[in-house]
Amino acid sequence: MSSNVTEADEIVRRCEALYADLSLSAVKSWQASHPGRPAIGLLPIYVPRELVHASGALPVSILGGGDQIDIVKGDACFQSYICHLPRSTVELGLQGRLEALDGFVFPSTCDVIRNLSGIWQLLFPGKYVRYLDLPQAMDPSTGGEFYRRDLEALGAELGRLPGGNAPTTESLATSVRLYEENRRALATLRQLRAEAPWLVPLDESYLVVRAGAVLDVEEHTELVRAYAAAATRRRRKAEDRIRVVIAGAFCEQPPLGLLRTIERSGCYVVDDDLFLGARWIQPTEAEDRGDPLTSLALAYLNRSVVASTRYQPDGLRGEDLVRQVREKRADGVIFAAPSFCDPALLDQPPLQKALGEASIPFITFKYAENTGQFQAIREQAGTFSDSIKLWGEG
Amino acid sequence: MKLPITEATANAAPPPAPLARAASQVVQRDASPTVQKDASMDRQKAMLAGYFSELAHARETGRKVVYTFVPGNLTELIRAAGALGVYPEVNALQSAMRQRSDGFVREAERLGHNEDVCSYVKCDVGMLASGNIGPTGEKLPPPDLLLLSYTGCFTFLKWFELLQKEYGCEIAMLHVPYQADGTVTEDMRRYVAKQLATEVIPKLEKVTGRKVDLDELAELLRRSGRAEDDLVWVLDSAKSRPSPIDAYFGGVYYVGPIFTAFRGTEDCEGYYHDLRGEVAARLARREGPVMPNGVLAEERFRIVVEGPPNWTHFRDFWRIFYDEGAVVVASSYTKVGGLYDQGFRHGQDRDPLLSLADYCLGCYTNHSLTARVELLSSYVRDFGADGFVINSLKSCNSFSVGQLVMMREVEKRTGVPGGFIETDLVDPRYYSQANIKNRIESYLQMIAQRKASA
Ligand code: SF4
Ligand code: SF4
């Protein structure tokens, strides 16, 4: 084993520890080194972390409890036909594991996250709870103006939290720059995976991206770069596997075991929408010297990813998925959606139609973040891989 | 979103019950199938039949057709543009009442729609795939415009994206912000009004070729406001003992015209005027509401209900309450198309676009959970309820997520225990009569014991 491999492995090990740490030790150590400064929990999918960062707070992405937490009280808050993420999140809250967080921002992702903001108000009456209504009207004069004013109000509120400061033009410009760098680092890693997925396994890249949920942005950017550099130096050969894109896993996250199962069943995952919030805004090389708050609002209007939770008529999402498959030279798509996730599941028929028209094969399964049995998925993915190989050879 | 019944057309299933019936207090439970109907019921039926006929002939008459949703609907604006509104949620619930939704839902699932998603969407998609035959048996015209005014539900976005792909027609989006902390800010109002001016009205004018006259719109809104006064009077009548109305099962009929295509019309104003007269007469006679099997002889329980009803077994569901002498005195479902009882009226703001903005922002599911808890608690108190029941729907995250927490909060605030049942809107596979009956009966028994020991 070369020292380079060890370096990548070391980074991944650290990221896995962060992933497994549901009590947010990393956040607590950040607080210890930044006394008095707040940490703010952000629910999926997208909240502009720049704004939180510019107020002096640590933005912390909350992505549920995965398969690592027994749900005791959370189930008493949700009917069986609601996705799993809110119940594990409530469980984390009721078990006191989110105590390090001084406030929570709930973006307008779907009815579940929306109502979860209300549940939070009722269950944790002392905490700062903020709903962020991301605009669906994408015209700068309507949605843009509304959103900019709302961001301004959010910034002012964050500034009023103990230890917080209202973002200034300077602090916001700095934060915007730091997150732009982070996005570029993530984009490089994503590209590397598309080019040489045998060097960057899905579970590793996911853990590295996911570390950004709790780390300070600068530290995370360094970590992503270090991992990408170390992985590039690996000496590994490509195996005979099919190349697939995962679609639908943008909010509630599949368990690590499921990600590993897919790749061990004859697939290289060359792109995915896991933890989509981390790369919601597409990076740009263009330098922006304008008002940073306006930049933030315009970034949402103009540079957001195509996503199931955004209004997009005209079959745009289907076209986007086909383009993604082509660009990443994928052989097929795995639709992996959380059970009871309306945004992901309602999108599947039109997306599948678009793939069908483009002769791109796909398989579909549902998961919950605490799914423990992977046998069926192993068989499904294995058969998918075999059939594509056979079909490709034929 | 959930919505009012606008059934009662020629080919529709037999209506669940007349709104009222000139009957004595003594009622036989399994009364004759030939029920006597009130004038208001006949009037609503005639209005609906006329409207569906207009829709069926829209192509010949050149009327443009706008599909839109009930919560936050812009009916007066659609009318001011000279177009006709179609409400897919209404079609779905009518299909369910005619026992056709099962087939439509299965058809949608056959086409690849998932078992987990909202059954309203699947019912509509299945109906479209099966020829788009409306409740009168006539084909519904395709939309010229999809007016995506999405209040209180994200599934609306997905629903109309699906339809837009099918029809390839014009679509207008109106983003209505959520009242997360229970207030409407000036920014929210102006954002909605501006979208009306820059997105919705231009698209309406484009498809209809007719300019929207804002003075005419304002007049329609004022007329709506007058009808809303009468509706609120009717809903308030349930504070009397016995209540002359059932504000849930009966209530879905009462809100029919005002939640859909008729708001702003003279017909609608007349309907509510008549309805008020009928209820006033019943009140004067100290009569209870007309239930599926006749006028309720004895009001044993006064109940508040949260959540939409099940439509596939509407009468059976209602019958469970009737058999126990339980009257619903207030419900949240009858507020999805507007919280008029909390003071809002169309036309209140002299600026018609701001008035419509206020309306969109104020519908029930656009309110925070805390505000919903407060409203339900106030219903329990103000209507003297003995209990409250939550009908939680598998389909509807907008309503359902948080209801268990809400139940505990309402219990805490009112000291009244809640009952919790689970059904679905239009997918009959998720309705179990035996199970629901059992639960409601046990719940009411518990309430009876509480009352006895009080
Ligand atoms: S998994 Fe889907 S339904 Fe659940 S919170 Fe996330 S986006 Fe909403
Ligand atoms: S989720 Fe609920 S509110 Fe939304 S369309 Fe379905 S039934 Fe209506």
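Fair warning: this is a prediction, and the values are worked out from it, not measured in the lab.

### Considerations on the packing of helix 12 (residues 316–327) of chain A against helix 13 (residues 342–357) of chain A
Residues and elements named next belong to chain A.
Part 1 of the reasoning: Packing of helix 12 against helix 13 leaves a shortest axis separation of 8 Å and a crossing angle of 50 degrees. What the angle tells us is that helix 12 and helix 13 run oblique. Relative to helix 13, the crossing made by helix 12 is right-handed. Along the contact surface, helix 12 presents Arg 317, Gly 318, Leu 321 and Val 322, while helix 13 presents Asp 347, Leu 351, Ala 354 and Leu 355.
Part 2 of the reasoning: Across the contact of helix 12 with helix 13, the residue classes break down as 5 nonpolar, 1 polar and 2 charged.

### A short note on the pattern of salt bridges
All names here are of chain B.
Part 1 of the reasoning: Scanning all chains against the criterion turns up 67 salt bridges over all chains.
Part 2 of the reasoning: The residue Arg 226 makes a salt bridge to Glu 269 at a minimum N-O spacing of 2.8 Å. One end of the pair, Arg 226, is in helix 9 (residues 214–236); the other, Glu 269, is in helix 12 (residues 266–284), with 43 residues separating them in the sequence.
Part 3 of the reasoning: Under the relative-accessibility criterion, Arg 226 is labelled partly exposed at 37%.
Part 4 of the reasoning: Residue Arg 300 pairs with Glu 324 through a salt bridge whose shortest N-O separation is 4.0 Å. With Arg 300 in the loop between strand 6 (294–295) and strand 7 (301–306) and Glu 324 in the loop between helix 13 (314–323) and strand 8 (326–331), this residue pair connects regions lying 24 residues apart in the sequence.
Part 5 of the reasoning: In this structure Arg 300 comes out as partly exposed when scored by relative accessible area, which is 36%.
Part 6 of the reasoning: Here Glu 324 falls in the buried class, since its relative accessible area comes to 19%.
Part 7 of the reasoning: Linked through salt bridges whose partners overlap, the residues forming this network are Glu 186, Arg 189, Arg 190, Asp 349 and Asp 358.

### Topic: the sheet that holds strand 1 (residues 65–68) of chain B
Residues and elements named next belong to chain B.
Part 1 of the reasoning: Across the sheet, which stays open at both edges, the 4 strands sit in the order 2-1-3-4 with parallel pairing between neighbours. Two strands in the sheet have a free side with no partner beyond their single neighbour: strand 2 (84–86) and strand 4 (170–175). Taking the axes of each pair of neighbouring strands and ignoring which way they run, one obtains an average angle of 25 degrees across the sheet.
Part 2 of the reasoning: Of the strand pairs in this sheet, strand 1 and strand 3 (residues 145–150) are connected by 3 bridges, and their pairing is parallel. Its bridge partner lying in strand 3, Tyr 67 is registered against Leu 146.

### Section: the packing of helix 7 (residues 169–195) of chain A against helix 9 (residues 217–232) of chain A
All names here are of chain A.
Part 1 of the reasoning: Contact geometry of helix 7 with helix 9 gives a least axis separation of 9 Å together with a crossing angle of 20 degrees. The angle between helix 7 and helix 9 places the two elements in the roughly parallel class. Crossing hand, helix 7 versus helix 9: left-handed. Mapping the contact onto sequence places Leu 178, Tyr 179, Glu 181, Asn 182, Ala 185, Leu 186, Leu 189 and Leu 192 in helix 7 and Val 217, Glu 218, His 220, Thr 221, Val 224, Arg 225, Tyr 227, Ala 228 and Thr 232 in helix 9.
Part 2 of the reasoning: Along the lines of polarity and charge, the residues of the contact of helix 7 with helix 9 split into 10 nonpolar, 4 polar and 3 charged.

### Re the domain arrangement of chain A
Residues and elements named next belong to chain A.
Part 1 of the reasoning: Under the domain assignment, chain A is made up of domain 1 (1–21 + 177–238), domain 2 (36–167) and domain 3 (242–394).
Part 2 of the reasoning: Taking only C-alpha atoms into account, the centre of domain 1 sits 20 Å from that of domain 3.
Part 3 of the reasoning: Each side of the interface is counted separately: domain 1 has 22 residues, and domain 3 has 25 residues.
Part 4 of the reasoning: For the pair domain 1 and domain 3, the summed buried area comes to about 2,100 Å², and 57% of that belongs to carbon and sulfur atoms.
Part 5 of the reasoning: Ranking the residues of domain 1 by area buried against domain 3 places Arg 190, Leu 202 and Tyr 206 at the top, with a combined share of 30%.
Part 6 of the reasoning: The interface formed by domain 1 and domain 3 includes 5 salt bridges.
Part 7 of the reasoning: Here Glu 16 and Arg 260 are joined by a salt bridge, their closest N and O atoms 3.5 Å apart.
Part 8 of the reasoning: Secondary structure elements with two or more residues in the side of domain 1 that touches domain 3: helix 1 (3–20), helix 7 and helix 8 (202–210).
Part 9 of the reasoning: Residue contributions to the side of domain 1 that touches domain 3 peak at 8 residues, all from helix 7.
Part 10 of the reasoning: Looking at the side of domain 1 that touches domain 3, its residues break down into 13 nonpolar, no polar and 9 charged.

### Details of the interface of chain B and chain A
Part 1 of the reasoning: Contacts between the two partners involve 55 residues from chain B and, on the opposite side, 49 residues from chain A.
Part 2 of the reasoning: Both faces combined, the contact of chain B with chain A buries some 4,500 Å², and carbon together with sulfur accounts for 59% of it.
Part 3 of the reasoning: There are 6 salt bridges connecting chain B and chain A.
Part 4 of the reasoning: Asp116(B) is the partner of Lys366(A) in a salt bridge, and the nearest nitrogen-oxygen pair spans 3.0 Å.

### Notes on the nonpolar core
Part 1 of the reasoning: Counting 286 residues, the largest nonpolar core has Ile334(A), Leu77(B), Leu148(B) and Trp311(B) as its most contacted members.
Part 2 of the reasoning: For this core, the leading source of residues is helix 8 (residues 186–208) of chain B, giving 9 residues.
Part 3 of the reasoning: With residues near it in sequence (within four places) discarded, Leu148(B) still touches Tyr311(A), Phe69(B), Phe156(B), Leu157(B), Phe160(B), Ile171(B), Ala172(B), Met173(B) and Leu174(B).
Part 4 of the reasoning: Val245(A), Leu321(A), Val333(A) and Ala354(A) belong to the second largest nonpolar core, which has 15 residues in total.

### Description of the confidence of the model for chain B
Residue and element names in this part refer to chain B.
Part 1 of the reasoning: Per-residue confidence for chain B gives a mean pLDDT of 91, with 91% of residues at or over 70.
Part 2 of the reasoning: Per-residue pLDDT stays below 50 along residues 1–36; that stretch engages in 133 contacts with residues further than four places along the chain or on separate chains.
Part 3 of the reasoning: Both confidence scores are given for the complex: pTM 0.94, ipTM 0.96.

### Focus on helix 14 (residues 352–362) of chain B
Residue and element names in this part refer to chain B.
Part 1 of the reasoning: Most of helix 14 sits out of view: 10 of its 11 residues are buried.
Part 2 of the reasoning: Among the residues of helix 14, those classed as buried are Pro 352, Leu 353, Leu 354, Ser 355, Leu 356, Ala 357, Tyr 359, Cys 360, Leu 361 and Gly 362.
Part 3 of the reasoning: You can read the cap of helix 14 off the contacts: a side-chain oxygen lies 2.9 Å from the backbone nitrogen of Leu 353, and it is on Asp 351.

### Thoughts on the site of ligand 1
Residue and element names in this part refer to chain A.
Part 1 of the reasoning: Taken together, the residues surrounding ligand 1 are Cys 83, Thr 109, Cys 110, Val 112, Ile 113, Cys 251, Glu 252, Pro 338 and Cys 341.
Part 2 of the reasoning: The class makeup of the residues in the shell around ligand 1 is 7 nonpolar, 1 polar and 1 charged.
Part 3 of the reasoning: A domain split of the shell around ligand 1 shows at least three residues from each of domain 2 (36–167) and domain 3 (242–394).

### Some words on the sheet that holds strand 4 (residues 128–132) of chain A
All names here are of chain A.
Part 1 of the reasoning: Pairing in this open sheet of 4 strands is parallel, and the strands run 2-1-3-4 from one edge to the other. Since the sheet does not close on itself, it has two edges, and those belong to strand 2 (58–61) and strand 4, each with one partner. Taken pair by pair, the neighbouring strands of this sheet meet at an average axis angle of 25 degrees, ignoring direction.
Part 2 of the reasoning: Pairing between strand 3 (residues 103–107) and strand 4: 5 bridges, direction parallel. Its bridge partner being in strand 4, Gly 103 is matched across the sheet by Tyr 128.

Analysis parameters
- Residues numbered from 1 in each chain as written.
- Chains lettered and ligands numbered in written order.
- Predicted model: local features only at pLDDT ≥ 70, side-chain atom pairs only at ≥ 80, totals over all residues.
- Heavy atoms only, no water.
- Axes fitted to C-alpha atoms, helices over the stretch in contact; angles between N-to-C directions.
- Helix = DSSP H or I, 4+ residues; strand = E, 2+ residues; numbered from the N terminus.
- Parallel < 35°, antiparallel > 145°, perpendicular 65-115°, else oblique.
- Left-handed = near helix turned anticlockwise from the far one by under 90°.
- Contact = heavy atoms within 4.5 Å.
- Nonpolar A, V, L, I, M, F, W, Y, C, P; charged D, E, K, R; others polar.
- Salt bridge = Lys/Arg side-chain N within 4 Å of Asp/Glu carboxyl O.
- Buried < 20%, exposed > 50% of the residue type's maximum accessible area, 1.4 Å probe, protein only.
- Pairing = 2+ DSSP bridges.
- Domains from an automatic or database assignment.
- Buried area = accessible area lost by both parts, 1.4 Å probe.
- Core = buried A, V, L, I, M, F, W, Y, C linked by side-chain atoms within 4.5 Å.
- pLDDT = per-residue confidence, 0-100.
- Polar contact = N/O pair within 3.5 Å; in protein donor to acceptor, adjacent residues only side chain to side chain.
- Near = heavy atom within 4 Å.

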